[in-house]
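Listed here are the chains, written in short residue letters.
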Amino acid sequence: MRRAELALALALTAATLALLTAVYPVNADFSLENPYWNGMSALKGAGLAAGLAEACALDPREHALLLVGPSKPFTAGDVRAVESFLARGGLVVVADDFGTANQLLEAIGAPVRLTGSLLADPLFNLGALQLPLAFWGGRRLALNYATTVNASACGECGILAESSAFSYLDLNLNGKHDAGEPVGPFPVAVELRYGAGRLVVVSDSSLFINSMLGREANRDFLQQLLASRKPVLVADRWEETPLTMAKELLRSAWRAASSPEVKYSLAALALALSLDWGRRLARANKRF
Amino acid sequence: MKPRCAALLLALLAALASAQPPRHVNPDELAARPPDPLALTTTYQLLTQLLRSQSFADAGSLAKLLLNATAPGDLAYVLSRFHQLVLEESGLLNSSRTLLDLARGAAERGDLSAAKSALGEALRALAKANATRYGLEEAAREIERRLRARATPVAAAVEELIRAHASEALDVNATLFNLEGTTITVEAPGEAWVGSAIEVSGLLAASAGEPLPARRVTVLLDGAPAGSAATDESGRYRLAVKVPFAYKERLTVAALYLPEGEDAQRYRPSASDPVYVKLLFTKPRLSVSVSPREVLPGGVVKVRVSSNASGIRVTISAFGLARSLTLNGLESEVALKVPESAVDGLYKVVARSEPNGTIGPAEAAAELVVSRIALEVEKVEIPAFSLAPLPLQLKVCVSSPNGTLPGRYRVEAVLLGARYEVEAGGECAELALKPPLLSPTGPARLEVTVTPLDPRFKPASSSAEVRLLNLLLLAFSAALLVPAALRLRRGFEREMEVPPPKPVEAARPEPEAEPVAYSESLKPEDPVILEYVLAVRAVEKATRVLLKPSHTISEYLEAVRDKLGPVLKHFTYISKLAEARLYAGAEVDPGLARTLREELEKLLGGAG
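The structure displayed is predicted, hence computed values, not measured ones. (Residues numbered from 1 in each chain as written. Chains lettered and ligands numbered in written order. Predicted model: local features only at pLDDT ≥ 70, side-chain atom pairs only at ≥ 80, totals over all residues. Heavy atoms only, no water.)

## Considerations on the sheet that holds strand 15 (residues 331-337) of chain B
Residues and elements named next belong to chain B.
Then comes step 1: Spatially, the 3 strands line up as an open sheet ordered 10-12-15, and their pairing is antiparallel. Edge strands, defined here as strands with exactly one partner in the open sheet, are strand 10 (286-291) and strand 15. Sheet twist, expressed as the average angle between the axes of neighbouring strands with direction ignored, equals 20°.
Then comes step 2: Here strand 10 runs beside strand 12 (residues 300-307); their pairing, made up of 6 bridges, is antiparallel. (Pairing = 2+ DSSP bridges. Helix = DSSP H or I, 4+ residues; strand = E, 2+ residues; numbered from the N terminus. Axes fitted to C-alpha atoms, helices over the stretch in contact; angles between N-to-C directions.)

What follows is the structure, given as structure tokens:
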């Protein structure tokens, strides 16, 4: 009896933990599941999240790859997958500032790089010089701790958006312009043809997060980039938090439990256990 | 030493962490700060310089850009109003500048009514600018007070310009009506060959009609000075000018008189109405053709250029590259290599001949289609059914419409999110796929992409389906189900057991009963009563309340009721069974009495 009670308590604890893990909202940066300011749940209705390999296997005429703020290194296989997606006429939007996107750009031979220096604008900003405004044609884009794109080696790159003439690179991160710190305008979004495909490099990973997407013309910029394509957010290039790992584990368990053999076995087990308990109950009632 | 090292390491890590800016911050949690006063002051200095140098278009652009400057609360309004006023003032000053120039120009041409009209407009613009200036000055002072950014020099520059323009307007007004007008005419042949010389002549006279001799007249060809000549006694001038090698339809000829010396205080300048000279030159016929019209990236096409003029130099442009050739005879051919990086599409090959003397330029174009060979995934061979996570073999075969295949190609396959790839050559490629450990049982989609390493071929893709049965999950299911089934079976078997017949109960060896002084009415030979007696012994031991001979079963139960605690239920039940057996002679299951007694003993800590 005591053993049964212990088992029941353990099962209840596990179920509660699983339930909590499932319902507790993700707070990891850029996640499509994250409804907070730093997530990208605003894109959930229009797009989907997938691993890089899976995303690259999608039809490039209907999907566009959004590689936002990658922080994990890219393997040779990842690079070939991206190259193959581009070669098939795909659109890849790389939005990064201080992450690992340069490694990918170098590996695929794109003649653009992210400088990795903090872009600041003391005049045109969202209330702080690290949140500068950039100009996309006659419209404005709101950036958040962005860097700049170095496209000097790219002869055929088109500059889609650039910072103001008052912006500068805050190399020593002291929040003010010092002698020798380069001044703008700097390119912040650059487009280039890559084989039959198109590569867009944006120097801010936060342009499309929930708290920034609705500001200035950020949403229109994304829509114009994507045209009629469905955005596929590459979701396996970020360092994982314990919660995301637990959620992934739970998802894997759910997938495994959804397979017919496990699903029907669990149903049969539940039936057997309820029969057993029913029988025990009946015996106890008979006794008293 | 070790703590020091650890502290140093920590300090280093902290320094590294602080050297890297965050990826983002929540903009809603930021308290909006005003723009940097130093940056704003620098910008206003630039704006002042632009205004002072009368670069109104640039000053306007800068003011327009400054409208994007953000600031918290009502400071945003003050800033935006100031920049808006600077923008308006730039526009008004630009207008007054242009109108004053127009008025001066019209006055110099002798067009008095146009001059008056332009001057009036200029004065109106200046009046409007002057009215706006006060708002501008107030906004500039407010910015200086609240932001400590030097904005008043901008307002001062605007004031200076308004004064300067007003003074100039007065000057134009004063000189407008005191100069005598002049007229000048020009004559030229109706047509001329490029490179030839033509004679240009005309007449210069005062507005009253009297000829103006010995005055210098400048002849302009397409607006550029081509030479000058002095007028004779009758006010006529004559000049031979060379027609430039301009390969266009016509040439504009005009004459200009600019009074010099004392004439500048007496006569107004004048310009003639233009006359047009038709330009004559030979237009060569040029044609270009490419063969073949469809080509692969990296392939070579022959470009044939022909013309009715021999020896001309032709430049052929395609794919952003240019090649020059000189036509030997009337036609020539050149080989053009299509870049390997060229993507599929329609391209133009343009041939332009360079002009030479009286032979003008010509241009012709031909179209060229760059199209890669469409590779096809002919076969994706995979078992229809497979056991996961055991590896399964995939065979992909490719083909192309013209039968040629790329030397090497890469095959990529994605199955349940896992990616596999192999580089291969020939018709078919094989690769081993290892389904993930927790692959669900059921159909799984396999996506195959073939990317040729030869740029002449297009990538191809295909998909297939495989049914998986996961052995691990199957084993897991078995591990769940088998023990449950066994337990269920045991339960059923126990339920199906026939209860042992009573004699068996009777034959049960009796426990060794110690001699007790119980009431004589108790009959220990009855198995139910025996169980009661044994239960009483356990209760006596636990409660230290002995069953007296005078006690009835109910009385003893009442005597121990308060001391039994959780086992009271059991003892009450067994007492009732004993009463029913003893006093009513009812049939009572001795097995039940024994179970109750055993549980009671167990609960009392093994007593009895």
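## Side note on the side chain of Thr-21 of chain A
Residue and element names in this part refer to chain A.
Then comes step 1: As for its placement among the helices and strands, Thr-21 is situated in helix 1 (residues 2-23).
Then comes step 2: You can call Thr-21 buried: its relative accessible area is 17%.
Then comes step 3: Those residues within four positions of Thr-21 in sequence are excluded, and the remaining contacts are Ala-246, Lys-247 and Leu-250. (Buried < 20%, exposed > 50% of the residue type's maximum accessible area, 1.4 Å probe, protein only. Contact = heavy atoms within 4.5 Å.)

## Re the pattern of salt bridges
Residues and elements named next belong to chain B.
Then comes step 1: Inspection of every chain in the model, using the stated rule, returns 40 salt bridges over all chains.
Then comes step 2: Between Arg-97 and Glu-168 there is a salt bridge; the shortest N-O distance is 2.5 Å. Taken together, the positions of Arg-97 in helix 4 (residues 73-109) and Glu-168 in helix 6 (residues 152-176) put the pair 71 residues apart, joining distant regions of the chain.
Then comes step 3: Here Arg-97 falls in the buried class, since its relative accessible area comes to 16%.
Then comes step 4: As a salt-bridge pair, Arg-215 and Asp-263 come within 2.7 Å of each other at their nearest N and O atoms. (Salt bridge = Lys/Arg side-chain N within 4 Å of Asp/Glu carboxyl O.)

## Here's the deal with the layout of surface pockets
Then comes step 1: Quantified by volume, the largest pocket comes out at close to 1400 Å³.
Then comes step 2: Those elements that place two or more of their residues in the lining of the largest pocket are strand 1 (48-50), helix 2 (52-56), helix 3 (76-87) and helix 7 (242-258) of chain A together with strand 23 (418-424) of chain B.
Then comes step 3: Sort the elements by how many residues they give to the lining of the largest pocket and helix 7 of chain A lands first, with 6 residues.
Then comes step 4: Here the lining of the largest pocket spans two domains, since at least three of its residues come from each of domain 1 (2-24 + 242-287) and domain 2 (41-234) of chain A. (1 Å grid on protein atoms, 1.4 Å probe; cavity = no way out; pocket = protein on both sides within 12 Å on 5 of 7 lines; lining within 4 Å. Points joined across faces, edges and corners; volume = space filled by probe spheres on them. Domains from an automatic or database assignment.)

## Some thoughts on the state of the cysteines
Cysteine pairs can be linked by a disulfide, which is a covalent bond between their two sulfur atoms.
Residues and elements named next belong to chain A.
Then comes step 1: In this structure the tally under the stated criterion is 2 disulfides over all chains.
Then comes step 2: Cys-154 shares a disulfide with Cys-157; S-S distance 1.8 Å. Linking Cys-154 and Cys-157, the disulfide has an S-S dihedral of approximately 90° and is accordingly described as right-handed.
Then comes step 3: Residue Cys-154 is classed as buried on the basis of its relative accessible area, which comes to 12%. (Disulfide = S-S within 2.5 Å.)

## A few points about the packing of helix 11 (residues 568-583) of chain B against helix 12 (residues 590-603) of chain B
All names here are of chain B.
Then comes step 1: At their nearest, the axes of helix 11 and helix 12 sit 9 Å apart, and the two run at 150° to each other. Taken together, helix 11 and helix 12 sit at an angle that is classed as roughly antiparallel. Considering only the axes of helix 11 and helix 12, their crossing is left-handed. Contacts from His-570, Phe-571, Tyr-573, Ile-574 and Leu-577 in helix 11 reach Leu-592, Ala-593, Leu-596, Arg-597, Glu-599, Leu-600 and Leu-603 in helix 12. (Parallel < 35°, antiparallel > 145°, perpendicular 65-115°, else oblique. Left-handed = near helix turned anticlockwise from the far one by under 90°.)

## Structural notes on the interface of chain B and chain A
Then comes step 1: The partner chain A presents 65 residues to the 61 residues of chain B that form the contact.
Then comes step 2: Between Arg-80 of chain A and Glu-421 of chain B there is a salt bridge, and its shortest N-O distance comes to 2.3 Å.
Then comes step 3: Taken together, chain B and chain A are joined by 12 residue pairs in polar contact (both at pLDDT 80 or more).
Then comes step 4: It is helix 7 (residues 471-496) of chain B that contributes the most residues to the side of chain B that touches chain A, 13 residues altogether.
Then comes step 5: Its residues assigned to classes, the side of chain B that touches chain A comprises 31 nonpolar, 15 polar and 15 charged. (Polar contact = N/O pair within 3.5 Å; in protein donor to acceptor, adjacent residues only side chain to side chain. Nonpolar A, V, L, I, M, F, W, Y, C, P; charged D, E, K, R; others polar.)

## Looking at unusual backbone geometry
Then comes step 1: Along the chain, Gly-184 of chain A connects to Pro-185 of chain A via a cis peptide bond; the corresponding omega equals 5°.
Then comes step 2: For Pro-185 of chain A, the location among the structural elements is in the loop between strand 10 (168-170) and strand 11 (187-194).
Then comes step 3: Look at the link from Ala-388 of chain B to Pro-389 of chain B: it is a cis peptide, with omega at 0°.
Then comes step 4: Mapped onto the elements, Pro-389 of chain B comes out in the loop between strand 20 (385-388) and strand 21 (392-399).
Then comes step 5: The residue Gln-54 of chain B is not glycine, and still its phi comes out positive at about 60°.
Then comes step 6: Structurally, the position occupied by Gln-54 of chain B is in the loop between helix 2 (37-52) and helix 3 (56-66).
Then comes step 7: Even without glycine at this site, Arg-544 of chain B takes up a positive phi of about 65°.
Then comes step 8: Here Arg-544 of chain B lies in the loop between helix 9 (527-543) and helix 10 (553-564).
Then comes step 9: By relative accessible area, which is 71% here, Arg-544 of chain B ends up exposed.

## Thoughts on the nonpolar core
Then comes step 1: One finds Met-40 and Phe-221 of chain A together with Tyr-44, Phe-82 and Ile-143 of chain B to be the most contacted residues of the largest nonpolar core, which totals 83 residues.
Then comes step 2: For this core, the leading source of residues is helix 4 of chain B, giving 8 residues.
Then comes step 3: If we ignore the near neighbours within four places in the chain, the residues touching Phe-82 of chain B are Tyr-44, Leu-136, Ala-139, Ala-140, Ile-143, Ala-151 and Val-154 of chain B.
Then comes step 4: In terms of nonpolar packing, the next biggest core, distinct from the first, is built from 32 residues, Leu-86, Ile-108, Ala-151 and Val-234 of chain A among them. (Core = buried A, V, L, I, M, F, W, Y, C linked by side-chain atoms within 4.5 Å.)

## A few points about the sheet that holds strand 19 (residues 376-381) of chain B
All names here are of chain B.
Then comes step 1: Taken in spatial order, the 3 strands of this open sheet run 19-21-24, and their pairing is antiparallel. The outermost strands of the open sheet, each flanked by one partner alone, are strand 19 and strand 24 (428-433). On average, each strand axis in the sheet is inclined to that of its neighbour by 25°, with strand direction left out of account.
Then comes step 2: Judged from the 5 bridges that link them, strand 19 and strand 21 form a sheet pairing that is antiparallel.

## What to know about the packing of helix 9 of chain B against helix 12 of chain B
Residues and elements named next belong to chain B.
Then comes step 1: The geometry of helix 9 relative to helix 12 is characterised by a closest axis approach of 9 Å and an angle of 10° between their N-to-C directions. It follows from the interaxial angle that helix 9 and helix 12 lie roughly parallel. Contact residues: helix 9 offers Pro-527, Val-528, Glu-531, Leu-534, Ala-535, Ala-538 and Val-539, while helix 12 offers Pro-590, Ala-593, Arg-594, Arg-597, Leu-600 and Glu-601.
Then comes step 2: In terms of residue class, the contact of helix 9 with helix 12 is built from 9 nonpolar, no polar and 4 charged.

## Some thoughts on the confidence of the model for chain B
All names here are of chain B.
Then comes step 1: Per-residue confidence for chain B gives a mean pLDDT of 84, with 91% of residues at or over 70.
Then comes step 2: Confidence, read as mean pLDDT per element, is least for helix 8 (residues 502-506) in chain B (48) and greatest for strand 6 (residues 236-242) (94).
Then comes step 3: Taken as a whole, residues 503-507 scores under 50 in pLDDT and shows 2 contacts with residues more than four places along the chain or in a different chain.
Then comes step 4: Interface confidence for the predicted complex, given as ipTM, is 0.73, next to a pTM of 0.61. (pLDDT = per-residue confidence, 0-100.)

## Brief notes about helix 9 of chain B
Residue and element names in this part refer to chain B.
Then comes step 1: An ideal rise of 1.5 Å per residue puts 24 Å on 17 residues; helix 9 measures up with 24 Å between its terminal C-alpha atoms.
Then comes step 2: Within helix 9, 13 of the 17 residues are buried, which leaves the element mostly enclosed by the surrounding structure.
Then comes step 3: If you check the start of helix 9, you find a side-chain oxygen 2.8 Å away from the backbone N of Val-528, and it comes from Asp-526.
Then comes step 4: At the exit of helix 9 stands Arg-544, carrying a positive phi of roughly 65°. (Expected span 1.5 Å × (residues − 1).)

## Side note on the environment of Glu-191 of chain A
Residue and element names in this part refer to chain A.
Then comes step 1: Tracing the backbone shows Glu-191 in strand 11.
Then comes step 2: With relative accessibility at 22%, the residue Glu-191 sits in the partly exposed group.
Then comes step 3: The contact partners of Glu-191, leaving out residues within four places of it in the chain, are Glu-156, Cys-157, Gly-158, Leu-160, Arg-198, Leu-199 and Val-200.

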